[in-house]
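Structural characterization, general
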Amino acid sequence: MRWLIHLLVNSVVLVVVAGYFEGFYLESVSAAILASVLLSIINVLIKPILVILTLPVTVVTFGLFLFVINAITLMITAALMGDAFQISGFGMAIIASIIISLLNMLINNFVVKPMQKK
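Thresholds, definitions, all that
- Residues numbered from 1 in each chain as written.
- Predicted model: local features only at pLDDT ≥ 70, side-chain atom pairs only at ≥ 80, totals over all residues.
- Heavy atoms only, no water.
- Phe/Tyr/Trp six-rings, centres within 6.5 Å; stacked < 30°, edge-to-face > 60°.
- Helix = DSSP H or I, 4+ residues; strand = E, 2+ residues; numbered from the N terminus.
- Buried < 20%, exposed > 50% of the residue type's maximum accessible area, 1.4 Å probe, protein only.
- UniProt positions renumbered as here; feature names shortened; annotations may be inferred.
- Axes fitted to C-alpha atoms, helices over the stretch in contact; angles between N-to-C directions.
- Parallel < 35°, antiparallel > 145°, perpendicular 65-115°, else oblique.
- Left-handed = near helix turned anticlockwise from the far one by under 90°.
- Contact = heavy atoms within 4.5 Å.
- Nonpolar A, V, L, I, M, F, W, Y, C, P; charged D, E, K, R; others polar.
- 1 Å grid on protein atoms, 1.4 Å probe; cavity = no way out; pocket = protein on both sides within 12 Å on 5 of 7 lines; lining within 4 Å.
- Points joined across faces, edges and corners; volume = space filled by probe spheres on them.

Considerations on the packing of aromatic side chains
Counted under the stated rule, the structure contains 1 aromatic pair. Judged by centre distance (5.2 Å) and plane angle (70°), the rings of phenylalanine 24 and phenylalanine 85 are edge-to-face. Of the two residues, phenylalanine 24 is situated in strand 1 (residues 24-26) and phenylalanine 85 in strand 2 (residues 85-87); the sequence distance between them amounts to 61 residues. In this pair, the class of phenylalanine 24 matches that of phenylalanine 85, namely buried.

Some points on the UniProt feature "transmembrane region" (unreviewed entry) in the chain
According to UniProt, the "transmembrane region" (unreviewed entry) feature falls on residues 28-46, 53-81 and 87-112. The span residues 28-46 carries 89% helix and 0% strand; its end-to-end C-alpha distance comes to 26 Å. Between the C-alpha atoms that bound residues 53-81 the distance is 26 Å, and the span itself is 83% helix and 0% strand.

Overview of the packing of helix 2 (residues 29-45) against helix 5 (residues 65-81)
With their axes 9 Å apart at the nearest point, helix 2 and helix 5 run at an angle of 125° to one another. With respect to their mutual orientation, helix 2 and helix 5 come out oblique. The two elements helix 2 and helix 5 cross, and the hand of that crossing is right-handed. For the pair formed by helix 2 and helix 5, the contact residues are Ala31, Leu34, Ala35, Leu38, Leu39, Ile42 and Asn43 on the first element and Thr73, Leu74, Ile76, Thr77, Leu80 and Met81 on the second. Residues of the contact of helix 2 with helix 5, tallied by class, amount to 10 nonpolar, 3 polar and no charged.

A closer look at the layout of surface pockets
The computed volume of the largest pocket comes to approximately 200 Å³. What lines the largest pocket is a set of 13 residues, and nearest its centre among them are Leu39, Asn43, Asn70, Ile100 and Asn104. Here the lining of the largest pocket gets 5 residues from one element, more than from any other, and that element is helix 6 (residues 90-117). Its residues assigned to classes, the lining of the largest pocket comprises 3 nonpolar, 9 polar and 1 charged. Its boundaries defined by the atoms lining it, the second largest pocket holds a volume of some 160 Å³. In this structure, the second largest pocket is lined by Arg2, Ile5, His6, Asn108, Val112, Lys113 and Gln116. Among the secondary structure elements, those contributing two or more residues to the lining of the second largest pocket are helix 1 (2-20) and helix 6. Looking at which element gives the most residues to the lining of the second largest pocket, the answer is helix 6, with 4 residues. In terms of residue class, the lining of the second largest pocket is built from 2 nonpolar, 3 polar and 2 charged.

Encoded structure:
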């Protein structure tokens with residue numbers, strides 16, 4: 001159940017980011033849901049490998065390099081989805097990864113967790 005809630009929250013966040021930035025394009029809500037599923041699979045399979053390989057850089061940058069890793073996973077997701085999900089460049093991917101991380105944190109802390117406590 002938690003995975004489904006996470007997918008829905010991530011889909012909403014992707015749609016919000018696509019609405020505010022021209023360089024971040026999602027074709028539809030179903031494309032956002034598919035992108036969220038693909039992104040979660042990539043985060044489970046590929047992201048841990050990237051984190052381990054870049055651990056020294058991540059430590060030196062006090063964890064800020066994780067935004068670059070998140071941008072890489074977003075770019076991989078966009079490449080897999082083709083025309084339904086497009087990111088104009090790596091800079092846009094980094095900006096989107098920062099905003100997606102912040103929005104996911106805020107929604108999870110102030111909406112999802114209080115609802116689960118009841």
